[in-house]
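# Structural overview
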Amino acid sequence: MTDATVLPDHDVIIVGAGFAGIYAIHKLRDQLGLDVQGFEAASGVGGTWYWNRYPGARVDIESVHYSYSFSEELQQEWHWTERFAAQPEILRYLNHVADRFDVRRSFAFDTRVTSVVWDDGNQLWVVTTDDGTVHRSRYFISAAGTLSVPKQLDFPGLENFEGQVLLTGNWQDDVDLSGRRVGVIGTGSSGIQVVSEVSKVAGELVVLQRTPNYATPVGNAPTDRAEEAADKARYRELREASRNHFVGVPYHEAEPSAMAVSAEERRSVFDDRWHRGGFRLVFDSFQDLLFNQESNDAAAEYIRERIRERVTDPATAELLCPKNYPYGSKRPPLETNYYEAFNRDNVHLVDVSGNPIAEITATGVRLADGTEHELDTLILATGFDAFTGPLMAMNITGRAGRPLSDAWAEGPQTFLGIAVSGFPNLFLITGPQSPSVLYNMPLAIEDHVDFTANAIQHMRAHGHTVMEATPAAQDDWVAQTDQAAEYTVVPKSGSSWYMGANVPGKPRKVLVYLGGAPAYRAICAQVENSGYAGFTFTSGRVLATA
Ligand code: N01
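Note that this is a predicted model, so its numbers are computed, not measured.

### Considerations on the packing of helix α1 (residues 19-31) against helix α15 (residues 441-461)
The geometry of α1 relative to α15 is characterised by a closest axis approach of 9 Å and an angle of 35° between their N-to-C directions. Crossing of α1 against α15: the hand is right-handed. Where α1 abuts α15, its residues Phe19, Ala20, Tyr23, Ala24, Lys27 and Leu28 lie against Pro442, Ile445, Glu446, Val449, Asp450, Ala453 and Ile456. Here the contact of α1 with α15 is built from residues that sort into 10 nonpolar, no polar and 3 charged.

Pasting the structure below:
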């Protein structure tokens, strides 16, 4: 029992105004009646969809599923113009949601959180923003995203480049690349989308590829109004089916094993999923692609065959064929005419795997063997410091002055990807070791915000001021996460951000819970129903905000 003397300014501080922060404000302020303050570094709402304005940016889960489910009215009234909405439409949607639920008034925009420190004596979080203001809150929620801090760039000479440098993860509006000599570094999901679009307008496009990817067609099309009406008529059922699927999309056609059928049957299933698009090939063809190397090899070979069919020049096709890591061990990108871009005369593929980028010069890129590519514009699609980057950037310090960077020196340690032992009343929305990026994000976010809201309600109902994961529950969860990954092909990838392996020096540790959304949701429900087994609670004087 403690007696706090300093009052918090707010019940809750939330960082981030993307899908997670918008819903968290609505849930905690409007449904729980809490005093909530949000901070957002950008000038508006949108999160990922605010910053990633590069040409070609588009969702790769059908928009009817990649959207909020918490309001029946919202999901009925919103109309998506395309099956897979492009970035501007998703940003419009998030602005609409922000207006509809009046969340903007609870955010301070253009405001970056620079430090977050637990005050044990007063049992509250002390949050400092970049204007030097200090704010205190009982609970702190990170809705700062998983892919929101671009990976630090390590190209020598980048500062000497006299042309234009553009980052896919922090793109400016209205960049005109027509007729320009453009270089793209990176062929992950962002690079693949940007190449497909920029190839149509650039005078010359040089794609500097270190690792080819298993990209498959997204299958975008204008929304079919009849299909939309049918989906809306059974939205509740669709959402339930999504939440009961491994990756949170209502797929239902996966057969047990690619090895249990004949080569012809396998081929016909792959063909069908390839043509229908979305993540059907990887997650709705055979259930064992991520778990059985032989099945995975069959899918990988199928994709290589498709790439060879689409790319005219055999040498270029071969360079575009991934060979050294399993399909799905890196996050599979979806594409629209990506491979066809390499049939254009203005597009050149440059392999920088064995001949790396040595230097960015004043006029372009120089490779290790001395080859130079002259460029007007350099696009960096080089990825993110996933999961931990956004948390580290806030300088979070827990009990006894222990920084999160110290607690996580060997990689993240969480309970359920939501809580961290030694960091009381801290809630991570889609944090490391939760299914997050492998569970349709808006639904994963809603689940985590609901879990957090329920936990806060539980504390208030029982007169608790502090809630904290136990070290034992955390150790057990980390072990379960590591074990779930071991059953899959994911650890076999050399440079996947799922493993933290894309950032030099970052501990190699699986960052995603790979047991699937349904298993994970059942575990979270068990924790809630048990009265929060794995957490300890401290009671004290329950204080109103100042
Ligand atoms: O980043 P990435 P991303 N020299 O890390 C290369 C989501 N997303 O922004 O593989 C040369 O996947 C690197 O090469 P390698 C989605 O979850 C979704 O594309 O390390 N190359 C790789 O090719 C996605 O997975 C959508 O050898 C260097 C690339 O840069 C996640 O965001 C769209 C290099 C980075 O690929 C991240 O995708 C876009 C170097 N020094 C993104 N350093 C949707 O469609 C890095 N690379 C919803």
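Text resumes after the structure shown.
### A short note on the sheet that holds strand β13 (residues 357-360)
Taken in spatial order, the 3 strands line up as β13-β14-β15 in an open sheet, and their pairing is antiparallel. The outermost strands of the open sheet, each flanked by one partner alone, are β13 and β15 (372-374). Taking each pair of neighbouring strands and ignoring which way they run, the sheet shows an average axis angle of 20°. In this sheet, strand β14 (residues 364-367) lies alongside β13 in antiparallel orientation, the contact comprising 3 bridges. Each residue of the ladder has a partner; that of Glu359, found in β14, is Arg366.

### Notes on the pairing of strand β9 (residues 204-209)
Burial analysis of β9 places 5 of its 6 residues in the buried class, which makes it a mostly covered element. Sheet topology places strand β8 (residues 181-185) next to β9; 5 bridges connect them, and they run parallel. Of the residues in β9, the one forming a bridge with Arg181 is Glu204. One crossover worth recording links β8 to the parallel β9 by way of helix α5 (residues 189-198), and it is right-handed. Summarising the sheet, β9 and strand β12 (residues 347-351) pair through 5 bridges and their orientation is parallel. Within β12, the position partnered with Val206 by the bridge is His348.

### As for the sheet that holds β8
Spatially, β7-β16-β8-β9-β12 is the arrangement adopted by the 5 strands of the open sheet, whose pairing is parallel. Two strands close off the open sheet at either side, each with one partner strand: β7 (164-167) and β12. Neighbouring strand axes in the sheet, compared pairwise and without regard to direction, differ in orientation by 20° on average. The strands touched by α5 are β8, β9 and β16 (377-380); relative to β8, the strand with the most contacts, the crossing angle is about 165°.

### A closer look at empty space enclosed by the protein
All told, the structure shown has 5 cavities of 30 Å³ or more when counted by the stated rule. Looking at the second largest cavity, its volume works out to about 60 Å³. Lining the second largest cavity are Ser142, Ala144, Gly145, Thr146, Phe387, Leu391, Leu428, Ile429, Thr430, Gly431 and Pro432. Of the residues belonging to the lining of the second largest cavity, the class tally is 6 nonpolar, 5 polar and no charged.

### Side note on the packing of helix α7 (residues 235-243) against α15
The contact between α7 and α15 brings their axes to 11 Å, and the two run at 85°. By the angle between their directions, the pair α7 and α15 is classed as roughly perpendicular. Along its contact with α7, which presents Arg239, Ser242 and Arg243, the element α15 presents Leu443, Glu446 and Asp447. Considering only residue class, the contact of α7 with α15 consists of 1 nonpolar, 1 polar and 4 charged.

### What to know about the site of the ligand
Neighbouring the ligand are 25 residues; Thr187, Ser190, Arg210, Thr211 and Lys330 lie closest to it. Here Lys151 contributes a side-chain N or O atom positioned 2.9 Å from a nitrogen atom of the ligand. In the environment of the ligand, an oxygen atom lies 3.0 Å from a nitrogen or oxygen atom belonging to the backbone of Ser189. Protein contact buries 89% of the 910 Å² of open area that the ligand shows by itself. Considering each element in turn, the shell around the ligand owes the most residues, 3 residues, to α5. When grouped by side-chain class, the residues that make up the shell around the ligand number 8 nonpolar, 10 polar and 7 charged.

### Observations concerning the environment of His448
Counting through the fold element by element, His448 comes out in helix α15. If we ignore the near neighbours within four places in the chain, the residues touching His448 are Leu416, Gly417, Ile418, Leu428, Ile429, Thr430, Gly431, Ser434 and Tyr520.

What counts, and at which threshold
Residues numbered from 1 in each chain as written. Predicted model: local features only at pLDDT ≥ 70, side-chain atom pairs only at ≥ 80, totals over all residues. Heavy atoms only, no water. Axes fitted to C-alpha atoms, helices over the stretch in contact; angles between N-to-C directions. Helix = DSSP H or I, 4+ residues; strand = E, 2+ residues; numbered from the N terminus. Left-handed = near helix turned anticlockwise from the far one by under 90°. Contact = heavy atoms within 4.5 Å. Nonpolar A, V, L, I, M, F, W, Y, C, P; charged D, E, K, R; others polar. Pairing = 2+ DSSP bridges. Buried < 20%, exposed > 50% of the residue type's maximum accessible area, 1.4 Å probe, protein only. Right-handed = clockwise from strand over helix to strand, strands pointing away. 1 Å grid on protein atoms, 1.4 Å probe; cavity = no way out; pocket = protein on both sides within 12 Å on 5 of 7 lines; lining within 4 Å. Points joined across faces, edges and corners; volume = space filled by probe spheres on them. Parallel < 35°, antiparallel > 145°, perpendicular 65-115°, else oblique. Near = heavy atom within 4 Å. Polar contact = N/O pair within 3.5 Å; in protein donor to acceptor, adjacent residues only side chain to side chain. Areas by Shrake-Rupley, 256 points an atom, 1.4 Å probe, with all protein chains shown as cover.

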